[in-house]
Amino acid sequence: MIFFDENLRTFFLESKDVTYSFKINEAGFLQHLYFGKRIEREDLSFAPPINTEWRIHGTYIKENGKIFNLNAYPNECPTYGRSDYRESMLAFDFDGVRVGDLVYDSHYIINEKPTLSGMPSIKGGQTLVVLLVDTIHNVEGKLFYTVFEDLPVILRHCEIVNRGKTSFNIDRVYSFSLDFPDKNWKTLSLFGAHGRERMVETSDIVHGVTVFDSKRGVSSSQLNPFMAMVRNKTTEFCGEAVGFNLVYSGNFALKVQKAEADGVRVTGGINDFDFSWKLNPNETFVSPEAVLVYSDSGIGKMSRAFHDLYRNYLINPKFAFKPRPIVLNVWEALRFDISTQKILDMVDSIKDTGIDTLVVDDGWFGGEKGRNDEFSGLGDWVVNKNKINLKEIIDYTHNAGLKFGLWFEPEVASPNSNVVINHPNYILRADGLEPCEGRWSYVLDLTQKEVCDYVVNSVNAILEEYDVDYVKWDMNRSLTEFCSSFDKETAHRYILGLYDILERIVYEHPEIFFEGCASGGCRFDPAMLYYFPQIWTSDNTDAYMRALIQYGTGLCYPLSAMSCHVSAVPNKQCGRVTPFNSRFNISRLGAFGFELKIAELSNQERLSVKEFVDEYIKTQDLILNGDLYRLNSPFNENLFAEQIVSKNAKNSIIVVFKPISVHNEDTVRVYPQGLMSDKKYFIKELGIERSGGVIMAIGLPVNLKKQDFESFVYHLETI
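Note that the structure is a prediction, hence the values are computed from the model and not measured. (Residues numbered from 1 in each chain as written. Predicted model: local features only at pLDDT ≥ 70, side-chain atom pairs only at ≥ 80, totals over all residues. Heavy atoms only, no water.)

1. Observations regarding the overall build of the protein chain
The helix and strand inventory of the protein chain stands at 12 helices and 40 strands. Relative to the compact-globule value of 27 Å for 719 residues, the protein chain shows a C-alpha radius of gyration of 27 Å, a close match. Taken over the C-alpha atoms alone, the protein chain extends approximately 85 × 70 × 45 Å along its principal axes. The proportion of buried residues among the 719 residues of the protein chain is 61%. Contacts in the protein chain between residues at least 24 apart in sequence constitute 68% of all its contacts with a sequence separation of at least 6. Looking at the protein chain as shown, the accessible area adds up to about 27200 Å², and 48% of this sits on carbon and sulfur atoms. Charge separation in the protein chain, taken as the distance between the mean sites of 75 positive and 96 negative side-chain charges, equals 4 Å. (Helix = DSSP H or I, 4+ residues; strand = E, 2+ residues; numbered from the N terminus. Rg over C-alpha atoms; globule rule 2.2 N^0.38 Å. Buried < 20%, exposed > 50% of the residue type's maximum accessible area, 1.4 Å probe, protein only. Contact = heavy atoms within 4.5 Å. Areas by Shrake-Rupley, 256 points an atom, 1.4 Å probe, with all protein chains shown as cover. Lys, Arg positive; Asp, Glu negative; His and termini not counted. Charge placed at Lys NZ, Arg CZ, Asp CG, Glu CD.)

In structure tokens, the structure reads:
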């Protein structure tokens, strides 16, 4: 709940197990007091400012006969140029004057969080709105805080309103700022590249500013819009962790600053690099939503809070807990070499395997020019009838009792496509320069309504003519030429255009299941999860690399959001050969499917496919609803182990994967978590019954075969 103590002029925001508190300072700015485990509502202002040694070299403001050095105080909404020299949350340009002075005006509490105009957001309940005003420049700032009774989560975003008669520019508008009073933290982030997305990295915080950001126009595989602050001795199971995640899909920045007095500030939102936004009279600018999660019981509890938040309050409720399609995607089997008969043969090959959805990937479109390679066809979303009979394929698939899916990449176009030839102004370009190509394509300029309408009409025409059950939405390049008639507003307007397109396609076809993809996992963020219940986690389907990628992704995102497929070996991305069983056991830790030629499998492998599907279906509810416990990290040791426990703790599976077989190494033992100590569990693989308390204390031995990349699964169920 949200409580305001009028005598103390202090706000207490209380989510499950958490208190977030700040007060209205005598100078009128919002002074942050506390964010951590739940405490009593008492006067918290006895804690000293961050830095009291400011009188000689510090600068200060005067208010009501008192002086205040804002650099010495934690601040809920720091602005540039008013004695706070740390990273600001907001920065303005009032016709050359770049100093704003937002102070408290009023506040109100609403019982249900409003949606964010033009952007996806998380559903929420009680919300505090604090109004700040700059009376000189007629600016109104609104700070939004949302609490949850069932989760240790605070949501934040801000809105800037022009109440004046002249325009001004916003040069920075972050979604939150949070000050920590001490330095004893490390950062936990997710870095990577295409094919090795979301690798886990822990770093010391040094004096100065550490930036985790993207300037690629997509949230990127290089740095995910997630980071956490963890205490020096925090582990998966104990210690403090504070997680931050931005509900945004474009250029972002998350910044960590350790100042001269060792206080730490974290702030972030839309990347202000090459950003400026002209705000006209009576217009409002809305920042993306920021998710703040607090855990006093390790990184694992933080992760589970993120997972529950996104499953319960972000992902489309029609699909959030619904069994996922078990897919065979034809891409790795056929590439561009598709035909009606080849696809019909693939439909025949998966009969009686339990696979329930066939997805035709790249190569089905392009009109009369066709798309037989990566150099043409994108942007012309017309069926290539010289290549395939799409209606025959769909009817045949449905008559076989299967669902049918199609691949699209609607945000780009090939240089020789009809849309580019006929509408060269439809692409992002800089005057006098040939646009950069990425995967031999240009980026469509989604800042233009005409272009957005073209994309919507093209995709919807296919979906309305053909009985499609599943869509894979891809985006295979970063943006370049951030130029349009909107100048430095281009990158953000592109994302707003994308969200508009998705609203008009995804939510106008509520019966279709949409999966996101962006060069694999290059746009894996909460905003995409609002539209896509699952996202292709990486183009790299090698079991070992997927263990790393899925482990890192699970720090913030639920298993049900990760699309994970079994593919052929040697793996196309890295050439590695891993056991069929291990490829399944890693893939089962997400939304499951296949990327291979079923017809070319041996009889035993084909039987294994049916067994894999049957086994996955038996435990799929754990993927959709269960709690994830990371038992062993492949980043820290030669072992990967993850456990999923049902919400009622009555059943669980443990997946163990050992990359390298080592002779005479100690027997692998894993230590389960999350079980009921006083209840007996039947351990299927050992054929014994033991109490949850004993199992968690003693651990379970894992006898792996003497080969690299071997895996093993334990099943536990209460008696």
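2. What to know about unusual backbone geometry
A cis amide bond links Val-569 with the next residue in sequence, Pro-570, at an omega value of -5°. Located in the positive-phi region is Asp-17, a residue other than glycine, with phi close to 65°. Within the fold, Asp-17 resides in the loop between strand 2 (10–15) and strand 3 (18–24). Phi at Glu-481 is positive, roughly 50°, even though this residue is not glycine.

3. A word on helix 4 (residues 390–399)
Three or more residues of helix 4 are buried, namely Leu-390, Ile-393, Ile-394 and Thr-397. All buried residues of helix 4 lie within an arc of 95° about the axis, which places them on one face of the element. Summarising the contacts, the buried residues of helix 4 are in contact with helix 3 (340–349), strand 24 (357–360) and strand 25 (403–408). Measuring from the side-chain oxygen of the N-cap residue of helix 4 to the backbone nitrogen of Lys-391 gives 3.4 Å; that N-cap residue is Asn-389. One or two positions beyond helix 4, positive phi appears at Gly-401, with a value near 85°. (Arc of directions from axis to C-beta. Polar contact = N/O pair within 3.5 Å; in protein donor to acceptor, adjacent residues only side chain to side chain.)

4. Digging into the environment of Ser-560
Inspection of the secondary structure assignment puts Ser-560 in the loop between helix 9 (543–553) and strand 31 (562–567). In this structure Ser-560 comes out as buried when scored by relative accessible area, which is 1%. For the pair Ser-560 and Gly-164, spaced 396 residues apart in sequence, the C-alpha to C-alpha distance is 47 Å. When residues no more than four places from it in sequence are discounted, the contact partners of Ser-560 are Arg-311, Arg-324, Pro-533, Gln-534, Ala-591, Ile-623 and Leu-624.

5. A short note on the side chain of Arg-172
As for its position among the elements, Arg-172 is in strand 12 (residues 168–180). Side-chain polar atoms of Arg-172 contact the backbone oxygen of Ser-88, separated by 2.8 Å. Within the structure, Arg-172 has its side chain in polar contact with the side chain of Asp-272 (distance 2.9 Å). For Arg-172, the contacting residues outside a window of four places in its chain are Glu-87, Ser-88, Met-89, Leu-90, Ala-91, Lys-255, Asp-272 and Phe-275.

6. What about the sheet that holds strand 1 (residues 2–5)?
Pairing is antiparallel in the open sheet, where 4 strands are placed in the order 1-2-3-4. Sheet topology places strand 1 and strand 4 (30–37) at the edges, where each strand pairs with a single neighbour. Here the average twist between neighbouring strands, direction ignored, is 15°. Pairing analysis gives 4 bridges linking strand 1 to strand 2, with the strands arranged antiparallel. Directly across from Asp-5, in strand 2, lies its bridge partner Thr-10. (Pairing = 2+ DSSP bridges. Axes fitted to C-alpha atoms, helices over the stretch in contact; angles between N-to-C directions.)

Spatial relationships are all this shows, so hold off on functional conclusions.
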